[in-house]
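Breakdown of the fold
Here is what each chain is made of, one letter per residue.
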Amino acid sequence: MIHDPDDNWSFATAREPARFGAGKGNGVPGVEHAMAGNGTLCGIPEDQVTRYLHLFEPRRRRACPPCRQQADAAPTQPSTQERLHCLVKDAALSEARDDLLAALVKGARVALWLRGPAADLARHYARPEALTEGVGPATEAFGTATTIGLARVESRSWSFLVVLPQDGSRPLIARGPREPG
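A few points on the structure. All figures in this text were calculated on a predicted structure; none of them were measured in a lab.

Now for the sheet that holds strand β7 (residues 172-177). Paired through their backbone hydrogen bonds, the strands of a sheet run either parallel or antiparallel. Ordered in space as β4-β5-β6-β7, the 4 strands form an open sheet in which the pairing is antiparallel. The sheet is open, and its two edges are formed by β4 (109-117) and β7, each paired on a single side. The average angle at which neighbouring strand axes cross in this sheet is 15°, direction not considered. As paired strands, strand β5 (residues 147-154) and strand β6 (residues 158-165) are joined by 7 bridges and run antiparallel to one another. Within the sheet, the bridge partner assigned to Ala 151 lies in β6 and is Val 162. Contacts between helix α3 (residues 95-105) and the sheet are confined to β4, β5, β6 and β7, with β7 contributing the most and set at about 80° to the helix.

What follows is the structure, encoded as C-alpha cells:
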C-alpha cells in the first residue's frame, strides 16, 4: 500500500507473494511447514498437523525445504487495491464509484479493511461526520446487517468509505474531502 500514487504503480507491479499458514507435523519437532487446504504443501495430511497462528516464512531456518520450494513457486496474489477494486466494480454507477475505482488503479492507500459486527464497525470506524456524499445509504446498511465489511480508502482528494454487505448485495460508497496532512 502506498500513500501517494506513483506513475509506475500498477496492479501488476503491486502483486504480492503467496502467503500460507504455518504448522508442524505432529511428532516431528523443529520443522515448520506451509499449510494448504487439506494439509501441508509437502503432503502431510491435515489431521497430522498442528496449525500455528502465524504465517509460514520460507526463509526461516526451520522451514521445511519442500514447503519452501513450493511456497516460492506459488503464483503471486492481487494487492489489496486490486482485490477491493474487483468488489467495488459491482457498486451502483456513480461519480464516487468511478473516482474510487480510478484511485485504486493508481494505488490509493487502503487505510482499513475489516469485517465484523455492523454496530461496532459503525460506532468505531464509519465516521459519517467526515462524509459528504453517499452517507445515508452507507450508514443505513450498518443498521440493517448483523455482520458487515468496511474499507476506508484515501486518495489525494477524497476519503472513501466502502461498505461491503455480507448478504451479497452491492457495495455502497460514501466519500468526503480528505483532511490535509
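A few words on the pattern of salt bridges. Inspection of every chain in the model, using the stated rule, returns 14 salt bridges. Residue Asp 98 pairs with Arg 97 through a salt bridge whose shortest N-O separation is 2.9 Å. Here Arg 97 falls in the buried class, since its relative accessible area comes to 12%. Note that Asp 120 is salt-bridged to Arg 123, the shortest N-O span being 2.5 Å. Taken together, the positions of Asp 120 and Arg 123, both in helix α4 (residues 118-126) and 3 residues apart, correspond to about one turn of that helix. Assessed through its relative accessible area of 56%, Arg 123 is described here as exposed. Each of Glu 95, Asp 99, Glu 133 and Arg 175 takes part in one network of salt bridges that share partners.

Counting residues in each nonpolar core, the largest one holds 16 residues, and the members touching the most others are Leu 84, Val 88, Leu 100, Leu 104, Val 153, Val 162 and Ile 173. Mapped by element, the contributors of at least two residues to this core are α2 (80-88), α3, β5 and β6. Leave out the neighbours within four places in its chain, and Leu 84 touches Leu 104, Val 110, Trp 113, Ala 151, Val 153, Val 162 and Leu 164. In terms of nonpolar packing, the next biggest core, distinct from the first, is built from 12 residues, Leu 121, Ala 126, Ala 141 and Leu 150 among them.

This brings us to the sheet that holds strand β1 (residues 21-25). Spatial strand order, β2-β1-β3: 3 strands in an open sheet with antiparallel pairing. Unpaired on one side and paired on the other, β2 (33-35) and β3 (49-55) mark the two borders of the sheet. Strand-to-strand, the axes of this sheet are offset by a mean angle of 45°, without reference to chain direction. As paired strands, β1 and β2 are joined by 3 bridges and run antiparallel to one another. Considered in β2, the bridge of Gly 23 is made with His 33.

What counts as what
- Residues numbered from 1 in each chain as written.
- Predicted model: local features only at pLDDT ≥ 70, side-chain atom pairs only at ≥ 80, totals over all residues.
- Heavy atoms only, no water.
- Pairing = 2+ DSSP bridges.
- Helix = DSSP H or I, 4+ residues; strand = E, 2+ residues; numbered from the N terminus.
- Axes fitted to C-alpha atoms, helices over the stretch in contact; angles between N-to-C directions.
- Contact = heavy atoms within 4.5 Å.
- Salt bridge = Lys/Arg side-chain N within 4 Å of Asp/Glu carboxyl O.
- Buried < 20%, exposed > 50% of the residue type's maximum accessible area, 1.4 Å probe, protein only.
- Core = buried A, V, L, I, M, F, W, Y, C linked by side-chain atoms within 4.5 Å.

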